[in-house]
Amino acid sequence: MYLLASFLTLVYCLRIVTTKFSSLSLQVDFSTVKFFFHEGLPFGIIIFFAMMYTYIDSVMLSLMVNDEVVGWYNAAYRLVFTMLVVPTVIRKAVFPALSKFYKESIDDFKELQERLLAEQKNKMPTIVISAGTCGQASGANDLIRITKRELLARELTDKINLRITGCHGFCEMEPSILIEPYRIFYPKINIDNMVRIIDAVIKEKVLDDLLFMDPETGKAIQTQDELPFYKHQVRTILGQNEKIDPIRIYNYVENGGYAALARVLEKRNAGWVVEEVKASGLRGRGGAGFPTGLKWEMLAKQPNGRGKFLVCNADEGDPGAYMDRSVLEGNPHAIIEGMLIGAYGTEATEGVIYVRNEYPLAIKHLIIALRQARDLGLLGNNILGTGFSFDIRIVKGAGAFVCGEETALIHSIEGKMGEPRQRPPFPVQKGVNGKPTAINNVETWANIPIIIQKGAKEFAKIGTKNNSGTKIFSLVGKVKYTGLVEVPMGITIKEIVYDIGGGPVNLSLIHISEPTRPLYISYAVFCLK
């Protein structure tokens, strides 16, 4: 019996080891196997022999005492200790200490990414369900439940994939379905039509009666890219939402995720990172429009004796604005990767994502993403075995509008009342806990991996000379098509409202209000007709 207990303990210990690096996916990558053979197997054997020693010791003690009751009591006590206490100690103390000596390398990460890309070549048709806050409020969860039930009941999991994503932008048309790789778009789907869509995917047919109808021509539009709402956009950030399940890190990796970080770590040149961001022409997307590369350069020049902070400002308080929320919900790893790249370039040691508590789905996805990144060795100590260390924590804001201002935000992170203070000193000189701090908006951080992957010159081709890239806007109110739009910097309001939004509904005036942001037009009224 005790031998069986020892064997079960060995199996349990090996299970702890072999599942440690498997993240939340059923797949086991190369690093898991390597860790098992290099560290897990010897460690398990040691535990096994330790249990055997305990068993022999128990028998010898019982023989010496010559009391069967005392002997069996001692054996039972040691059995309980072995089965309950030892595995707990291993899981809580021994294994975390052991895991510090092993980190996945850049080569291991590249091998993982190549394997995922190879598996992606033979992709099956995929039903993509937009399940951001807007989608879930419109009934996306019911569509997900029905789709899962049908695929399992009809044994179609080897013929059709299901991908649950964040918001795709066209919020008015939720709940919507996108069929990949054909790009077929079905808007405002109800639960009764979900089974029909599955049947159509199997037969490679299109359901014309469920397609989007162009109100101008009265004709059905089959693909998402042909819709007026989408075809005038440049979706470098939002376009990733439909490709990624936000709670599956492998999904992000197979779409090029963390490749920019790997490139930065391979170059081993922090100055190059800052110069690349400066050359890209990226400005802060939070409202002030301060050059991001210049801010990073100022932080990099600050002394690093006590550490430095990077902060992602996700306190989105403007009425009708939900751009940051949708990016966090749909692609949290892009923000994490952007902050990691920024930390390497500025030698920052700690990161904070400040997100308002009214964004429960965004917080949930962030928590999962941070845990997955740590499990794959992409966050924490000795990242990918390079000696670079950086970690990120979440701070939940109470929803105070004033905490969108950076000095008030810093006070809130420190646990104080969110009140602004005079500057100087500026946050880059004295920020969180008195340490040099750089604060950037969610959208700004999401642009960083794109800059590193494409290159600064390629990124700067979009937008204007002094303000490159795209900007996400929340298009709401009295327009035909509402949602999130991503357009090049420099586009006119008329193009956004008419070409993408379909024009005002019974209105000819557009009222823009941004009283808290001095570089934007305040209380302007535009007549577009």
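Conventions adopted
Note on numbering: residues in each chain are counted from 1, in written sequence order. For a predicted model such as this one, the threshold for reporting local features is a pLDDT of at least 70, and the threshold for listing and counting side-chain atom pairs is 80 or more; totals across whole chains, interfaces and linings nevertheless cover every residue. By convention in this description, side-chain values take in all heavy atoms of the structure and omit both hydrogens and water. Strands are runs of DSSP state E lasting at least two residues, helices are runs of H or I lasting at least four, and both sets are numbered from the N terminus onward. Residues are treated as being in contact if the distance between any of their heavy atoms lies within 4.5 Å. For accessible areas, the Shrake-Rupley method is used with a probe of radius 1.4 Å. Any residue's cover is judged against the shown protein chains and nothing else. In a helix, the anticipated span is given by 1.5 Å times the number of residues less one. Each residue gets one of three labels from its accessible area relative to the maximum for its type: buried under 20%, exposed over 50%, partly exposed in between, using a 1.4 Å probe on protein chains only. The arc in question is formed by the directions pointing from the helix axis toward the C-beta atoms. Counting of polar contacts relies on pairs of N or O atoms within 3.5 Å, with two restrictions inside protein: one atom must be capable of donating a hydrogen and the other of accepting it, and residues adjacent in sequence are counted only when both atoms are side-chain atoms. In this analysis, axes come from line fits to C-alpha atoms, helices being fitted only over the stretch in contact, and the angle between any two N-to-C directions falls in the range 0 to 180 degrees. Between 65 and 115 degrees an angle is taken as roughly perpendicular, under 35 as roughly parallel, over 145 as roughly antiparallel, and anywhere else as oblique. For this classification, Asp, Glu, Lys and Arg are treated as charged, while Ala, Val, Leu, Ile, Met, Phe, Trp, Tyr, Cys and Pro are nonpolar and the rest, including Gly, are polar. Strand pairing is assigned whenever DSSP identifies at least 2 bridges connecting the two strands. Seen with its strands pointing away from the viewer, a crossover is right-handed when the path leading from the first strand over the helix to the second is clockwise. Only four residue types enter the tally: Lys and Arg on the positive side, Asp and Glu on the negative side; His and the chain ends are excluded. Salt bridge criterion: a side-chain nitrogen from Lys or Arg within 4 Å of a carboxyl oxygen from Asp or Glu. Take the far helix as your reference; a near helix turned counterclockwise from it by less than a right angle gives a left-handed crossing, and one turned clockwise gives a right-handed crossing.

A. Region of interest: the overall build of the chain. In terms of regular secondary structure, the chain is built from 19 helices and 16 strands. Sequence-distant contacts in the chain: of pairs separated by 6 or more residues, those separated by 24 or more amount to 68%. Of the accessible surface of the chain, which amounts to about 24,700 Å², a share of 57% is contributed by carbon and sulfur atoms.

B. Quick look at helix α4 (residues 106-120). For α4, which comprises 15 residues, the first-to-last C-alpha distance of 21 Å matches the rise-based estimate of 21 Å (1.5 Å per residue) to within 8%. Where α4 is concerned, the buried positions are Ile106, Asp108, Phe109, Leu112, Gln113 and Leu116. Taken end-on, α4 shows its buried residues confined to a sector of 165 degrees, consistent with a single buried face. In this structure, α4 carries Asp107 and Glu114 as exposed residues pointing more than 90 degrees from its buried face.

C. Region of the structure containing the side chain of Asn441. With respect to the secondary-structure elements, Asn441 resides in strand β10 (residues 437-441). Within the structure, the side chain of Asn441 is placed 2.7 Å from the backbone nitrogen of Glu443, a separation counted as a polar contact. With sequence-adjacent residues up to four places away left out, Asn441 is seen in contact with Arg285, Gly286, Asn313 and Asp324.

D. Representation of the packing of helix α12 (residues 292-300) against helix α14 (residues 332-346) within the structure. The geometry of α12 relative to α14 is characterised by a closest axis approach of 8 Å and an angle of 50 degrees between their N-to-C directions. When the axis of α12 is compared with that of α14, the two are oblique. Facing Trp296, Leu299 and Ala300 of α12, the residues of α14 in contact are Gly338, Gly342, Gly345 and Thr346. Looking at the contact of α12 with α14 residue by residue, the classes come out as 3 nonpolar, 4 polar and no charged.

E. Local environment of the pairing of strand β8 (residues 350-356). Of all 7 residues in β8, 6 are buried; the element is thus mostly enclosed. Where strand β7 (residues 309-314) and β8 come together, 6 bridges link them in parallel fashion. Its bridge partner lying in β8, Ala314 is registered against Val355. Viewed along the sheet, the connection from β8 through helix α15 (residues 360-375) into strand β9 (residues 391-397) turns out right-handed.

F. Region of interest: the sheet that holds strand β4 (residues 184-186). On the basis of which strands lie adjacent, the open sheet formed by 4 strands has the order β2-β1-β3-β4 and mixed pairing. In this open sheet, the two edge strands, each paired with only one partner strand, are β2 (161-165) and β4. Taking each pair of neighbouring strands and ignoring which way they run, the sheet shows an average axis angle of 20 degrees. Where strand β3 (residues 177-180) meets β4, 3 bridges bridge the pair, whose relative direction is antiparallel. Looking at the pairing, Leu178 lines up with Phe185 of β4. Across the face of the sheet, helix α6 (residues 140-153) comes into contact with β1 (126-130), β2 and β3 while running at roughly 160 degrees to β1. Packed onto the sheet, helix α7 (residues 191-203) meets β1, β3 and β4 and runs at close to 10 degrees relative to β3.

G. Region of the structure containing the side chain of Arg163. Here Arg163 shows up in strand β2. This buried residue, Arg163, is left without a salt bridge; Glu180 holds the nearest opposite charge, at 4.6 Å. At 2.8 Å, the side chain of Arg163 forms a polar contact with the backbone oxygen of Glu242. If near-sequence neighbours (up to four positions away) are discounted, Arg163 is found in contact with Lys123, Thr126, Ile127, Val128, Ile129, Glu180, Glu242, Lys243, Ile244, Asp245 and Asn251.

H. Looking closely at the packing of α6 against α7. Packing of α6 against α7 leaves a shortest axis separation of 10 Å and a crossing angle of 40 degrees. Compared by their axis directions, α6 and α7 come out oblique. In terms of crossing hand, the pair formed by α6 and α7 is right-handed. Residue-level inspection shows Asp142, Leu143, Ile146, Thr147, Glu150 and Leu151 of α6 in contact with α7, the latter providing Ile191, Met194, Val195 and Ile198.

I. Geometry of the pattern of salt bridges. Enumeration over the complete set of coordinates arrives at 24 salt bridges. As a salt-bridge pair, Asp209 and Arg196 come within 3.1 Å of each other at their nearest N and O atoms. Of this pair, Asp209 sits in the loop between α7 and β5 (212-213) while Arg196 is found in helix α7, placing the two residues 13 residues apart along the sequence. Assessed through its relative accessible area of 51%, Asp209 is described here as exposed. Assessed through its relative accessible area of 34%, Arg196 is described here as partly exposed. Measuring nitrogen to oxygen at the nearest pair gives 3.5 Å for the salt bridge that ties Arg356 to Asp315.

So far we have only geometry, and geometry alone does not tell us how the molecule works.
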